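# Chains, contacts and geometry: an overview
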Amino acid sequence: MKKKLKMTLASCLIGTSFLIGSFVGANSDQQAIEELSEVTFFGNPSSSISSSVAIPSDYHILNFSGTVPSVINSEGATLYERYGDTKTQAMSILEKFKVDLEGKGLSLADVTYLRVYITPDPMKGNEFDYQGWFDAYAEYFDTEDTPKVARSTVGVSSLVNSDWLIEIEADVAFK
């Protein structure tokens, strides 16, 4: 009985120590985030995206709803002729964000998060062209002028227009 009581007390003490350590560590992380004076991106340096973004409370947030590609040629016979492949469509959308942000006195460097929806490409055997999206992203983000943002990329069965292979939402933070 004594041995069982000692083991139980030891287990409680060790468990409590872990909980206190976790709380202190989490509390110091929270304090560090609360003391940030600018948008801060976190994550693995070798990754092309950030795993999280901290935005100070004195920043404003701008959310772009689902943005779709521009028409290249309305008379085109194929979706590639009308809108382009996934990379072309993604670059069209990112250009829209760039122009819109510049009109507001902002830039792509202010983007903190992207939500991306990709459909199967019928011109590529109904496979998702994630690489096309990744290639477009690499031309606009994680560059000398723009940070790598937090991002989700999701394959979906369809978008409103069957010619659209991609739709993107963006979150922006600014002072």
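Anyway, here's the lowdown on the structure attached to this text. (Residues numbered from 1 in each chain as written. Predicted model: local features only at pLDDT ≥ 70, side-chain atom pairs only at ≥ 80, totals over all residues. Heavy atoms only, no water.)

## Here we look at the packing of aromatic side chains
If you walk through the whole model with that rule in mind, you get five aromatic pairs. Considering the side-chain rings of Y137 and F141, the 5.3 Å spacing of their centres and the 20° angle between planes classify their relative orientation as stacked. Taking the relative accessible area as the measure of exposure, Y137 reaches 2% and is therefore buried. In this structure F141 comes out as buried when scored by relative accessible area, which is 1%. Every member of this aromatic cluster is reached through a ring pair, and the members are F128, Y130 and F134. Here R151 stacks its cationic end above the ring of Y137, 4.3 Å away from the centre of that ring. (Phe/Tyr/Trp six-rings, centres within 6.5 Å; stacked < 30°, edge-to-face > 60°. Buried < 20%, exposed > 50% of the residue type's maximum accessible area, 1.4 Å probe, protein only. Lys NZ or Arg CZ within 6 Å of the ring centre and 35° of its normal.)

## Some points on the pattern of salt bridges
Applying the stated rule across the entire model yields seven salt bridges. The partner of D58 in a salt bridge is K175, with the nearest N and O atoms 3.0 Å apart. With D58 in the loop between strand 2 (52–54) and strand 3 (60–67) and K175 in the segment after strand 8 (166–174), the pair connects residues that are 117 residues apart, well separated along the chain. Judged by its relative accessible area of 44%, D58 is partly exposed. Among the residues examined, K175 registers a relative accessible area of 59% and is labelled exposed. A salt bridge links D163 to R82; the nearest nitrogen and oxygen atoms lie 2.5 Å apart. A residue pair is termed long-range when its members are at least 10 positions apart, and D163 in the loop between strand 7 (150–155) and strand 8 and R82 in helix 2 (residues 79–82) qualify at 81 residues. For D163, a relative accessible area of 11% corresponds to the buried category. (Salt bridge = Lys/Arg side-chain N within 4 Å of Asp/Glu carboxyl O. Helix = DSSP H or I, 4+ residues; strand = E, 2+ residues; numbered from the N terminus.)

## Topic: helix 4 (residues 130–140)
What helix 4 keeps buried is the set G132, W133, A136, Y137 and Y140. For helix 4, the arc enclosing every buried residue in end-on projection is 135°, short of the 170-degree limit, so these residues lie on one face. Looking at the buried side of helix 4, the elements it contacts are helix 3 (86–103), strand 4 (111–118), strand 7 and strand 8. D142 sits one or two positions beyond helix 4 and adopts a positive phi of about 60°. (Arc of directions from axis to C-beta. Contact = heavy atoms within 4.5 Å.)

## Observations regarding the sheet that holds strand 7
With mixed pairing, the four strands of this open sheet are ordered in space as 3-8-4-7. Each end of this open sheet is capped by a strand with a single partner; those strands are strand 3 and strand 7. For this sheet, the mean inter-axis angle between neighbouring strands, taken without regard to orientation, is 10°. In this sheet, strand 8 lies alongside strand 3 in antiparallel orientation, the contact comprising six bridges. Counterpart to F64 in the pairing with strand 8 is A170. (Pairing = 2+ DSSP bridges. Axes fitted to C-alpha atoms, helices over the stretch in contact; angles between N-to-C directions.)

## Some words on helix 3
In a regular helix each residue adds 1.5 Å, so 18 residues correspond to 26 Å; helix 3 covers 26 Å between its end C-alpha atoms and thus fits that length. All of the buried residues along helix 3 are T86, Q89, A90, S92, I93, L94, F97 and L101. Elements that come into contact with the buried residues of helix 3 comprise strand 3, helix 2, strand 4, strand 5 (120–121), helix 4 and strand 8. Once helix 3 finishes, G105 follows within two positions and takes phi at roughly 75°, a positive value. (Expected span 1.5 Å × (residues − 1).)

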